[in-house]
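Coordinate analysis (summary)
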There are 2 protein chains.
Amino acid sequence: MAAQEQYEELARQLSALGAVKRGLSRALPHDCSPATAIMLNLLKRNGEMRMSRLGELLAIDASVTSRHVTHAAEHGWIDRQPDPLDKRSRLLSLTPSGELLLEEVSERYTHALAACLHDWSDDDVGHLIGLMKRLRESFGDCRPRALHAGTTTRTPV
Amino acid sequence: MAAQEQYEELARQLSALGAVKRGLSRALPHDCSPATAIMLNLLKRNGEMRMSRLGELLAIDASVTSRHVTHAAEHGWIDRQPDPLDKRSRLLSLTPSGELLLEEVSERYTHALAACLHDWSDDDVGHLIGLMKRLRESFGDCRPRALHAGTTTRTPV
DNA sequence: TATTGTTATACTCTATAACTATA
DNA sequence: TATAGTTATAGAGTATAACAATA
């Protein structure tokens, strides 16, 4: 349990972090949004997955996932194959062109962040990432929909 | 200096944190946006200030600050007085009605966060806040506009 | 009946640029 | 000429609700 002032400060920092996110997105290629970059990264690291799983990892609604994926598919970065086990589903995977873009993105991100975070140690960054992850988990457990709707981020019916 | 994978993970967590921010905003009264809540908090803690200063603390453009403040002023939460020292400026302060709202907001925030973060220690939360602050500062120093435009967040001319 | 993914629509937050009134 | 604030417009990101196809 923490003090009340801390809670308010946490809410404030959470909002102000938007500026960092926006700044980082300026390092990306023109037609590649931050959402696209993260999708490609998730597909690279976790391999083939379904729409619903991707939306869950991105913590956004299924409708938004659909739009982002469509955008990436139209650019040829993501491939959508029908799932042989469930004809309603689609299996997403990275295309070679998507891999190329991801490499470009990684390079740019690394360059931008290395410039800003030159005085951060490996441990500092790791610590921050760990705490952010934990915050998301703590918060996710509280979302009412998560309690009975399983793992999806879908709009409740 | 940190490893490349860390940078990408940092970018990902930064984006995914949006869900936490949105979840938190559901705890607020209907006509009070997160931006409004934070503005009131800043005015409470830092006292009377000008538009430009507020925009700087919120890390948003002057145009956006103007809109948020107008919204709050129309609801009677913020008072805008002409600055006697500079007729172009306006001095912002919390009204009694704004203080009341802020109390309500604090209570709700505390309630919501206490429920989610019951297993976080005071130190955990403090640590996270500190790292987020530092991230903002490290990143702020890199924004090209910040290098020559002083402290403002204003759109460069 | 329930679930997967899609689409149409609307909402929030933001930046850019052009403007005014002061300095 | 430069600065403080305002407004109009546009863009990115998101959620909600209604829908089709499948389970």
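**Some details on the overall build of chain A**
Tallying secondary structure elements over chain A gives seven helices and three strands in all. From first element to last, N terminus to C terminus, chain A shows the α and β order α-α-β-α-α-β-β-α-α-α. Reported as C-alpha extents along the three principal axes, the dimensions of chain A are approximately 50 × 40 × 25 Å. Across the 157 residues that make up chain A, the buried fraction comes to 47%. Partitioning the intrachain contacts of chain A with sequence separation of at least 6 by distance along the chain shows that 53% fall at a separation of at least 24. Surface summary for chain A: the accessible area is close to 8,200 Å², and the carbon and sulfur share equals 52%. Distance between charge centres in chain A, computed from 20 positive and 21 negative side chains, equals 7 Å.

**Quick notes on the interface of chain B and chain A**
Every contact between the two is made by 59 residues of chain B and, on the other side, 59 residues of chain A. Between chain B and chain A, roughly 6,600 Å² of surface is buried when both sides are summed, and carbon and sulfur atoms account for 67% of that area. When the buried area of chain B at its contact with chain A is split by residue, Tyr-7, Arg-12 and Phe-139 of chain B rank highest and sum to 11% of it. Our enumeration of links across chain B and chain A arrives at six salt bridges. Taking the shortest distance from any N to any O, the salt bridge between Glu-9 of chain B and Arg-45 of chain A comes out at 2.9 Å. Linking chain B to chain A there are 20 residue pairs in polar contact (both at pLDDT 80 or more). Among the elements that make up the side of chain B that touches chain A, the one with the highest residue count is helix α1 (residues 4–25) of chain B (19 residues). Here the side of chain B that touches chain A is built from residues that sort into 32 nonpolar, 13 polar and 14 charged.

**A look at the relation of the copies chain B and chain A**
Expressed as a screw operation, the relation of chain B to chain A combines 0.0 Å of axial shift with a rotation of 180 degrees, fitting to an RMSD of 0.0 Å. This pairing of chains is accounted for by a two-fold axis. For chain B, the residue whose C-alpha comes nearest the rotation axis is Leu-128 of chain B, separated from it by 3.4 Å. In this assembly the copies share their binding face: 100% of the residues contributing to the interface of chain B also contribute to that of chain A.

**A short note on the protein's contact with DNA strand D**
Close to DNA strand D lie 25 residues; Ser-52, Ser-66, Arg-88, Arg-90 and Arg-154 of chain B are nearest. At the level of secondary structure, the elements contributing two or more residues to the surface near DNA strand D comprise α4 (62–74) and β3 (86–94) of chain A together with α3 (51–58), α4 (62–74) and β3 (86–94) of chain B. Residues that form the surface near DNA strand D fall into these classes: five nonpolar, eight polar and 12 charged.

**Observations regarding the side chain of Glu-8 of chain B**
Topologically, Glu-8 of chain B is positioned in helix α1. It is Arg-45 of chain A that comes nearest to the buried, bridge-free Glu-8 of chain B among opposite-charge side chains, at 6.4 Å. Among the polar contacts made by the side chain of Glu-8 of chain B, one reaches the side chain of Ser-106 of chain A at a distance of 2.6 Å. Leaving out residues up to four positions away in the same chain, Glu-8 of chain B has contacts with Asn-41 and Ser-106 of chain A.

**Concerning the protein's contact with DNA strand C**
In the region of DNA strand C, 25 residues are neighbours, and Arg-88, Arg-90 and Arg-154 of chain A together with Asp-61 and Ser-63 of chain B sit closest. Considering DNA strand C, the proportion of its atoms within 4 Å of the protein that are sugar or phosphate atoms stands at 58%. One of the side-chain N or O atoms of Arg-80 of chain A is found 3.3 Å from a phosphate oxygen in DNA strand C. In the model, a base oxygen of DNA strand C is placed 2.8 Å from a nitrogen or oxygen of the Ser-63 of chain B side chain. For the surface near DNA strand C, the elements supplying multiple residues, two or more each, are α3 (51–58), α4 and β3 of chain A together with α4 and β3 of chain B. Per-element tally for the surface near DNA strand C: the top contributor is α4 of chain B, with four residues. Here the residues of the surface near DNA strand C sort into five nonpolar, eight polar and 12 charged.

Rules used throughout
Residues numbered from 1 in each chain as written. Chains lettered and ligands numbered in written order. Predicted model: local features only at pLDDT ≥ 70, side-chain atom pairs only at ≥ 80, totals over all residues. Heavy atoms only, no water. Helix = DSSP H or I, 4+ residues; strand = E, 2+ residues; numbered from the N terminus. Buried < 20%, exposed > 50% of the residue type's maximum accessible area, 1.4 Å probe, protein only. Contact = heavy atoms within 4.5 Å. Areas by Shrake-Rupley, 256 points an atom, 1.4 Å probe, with all protein chains shown as cover. Lys, Arg positive; Asp, Glu negative; His and termini not counted. Charge placed at Lys NZ, Arg CZ, Asp CG, Glu CD. Buried area = accessible area lost by both parts, 1.4 Å probe. Salt bridge = Lys/Arg side-chain N within 4 Å of Asp/Glu carboxyl O. Polar contact = N/O pair within 3.5 Å; in protein donor to acceptor, adjacent residues only side chain to side chain. Nonpolar A, V, L, I, M, F, W, Y, C, P; charged D, E, K, R; others polar. Least-squares fit on C-alpha atoms with pLDDT ≥ 70 in both. Near = heavy atom within 4 Å.

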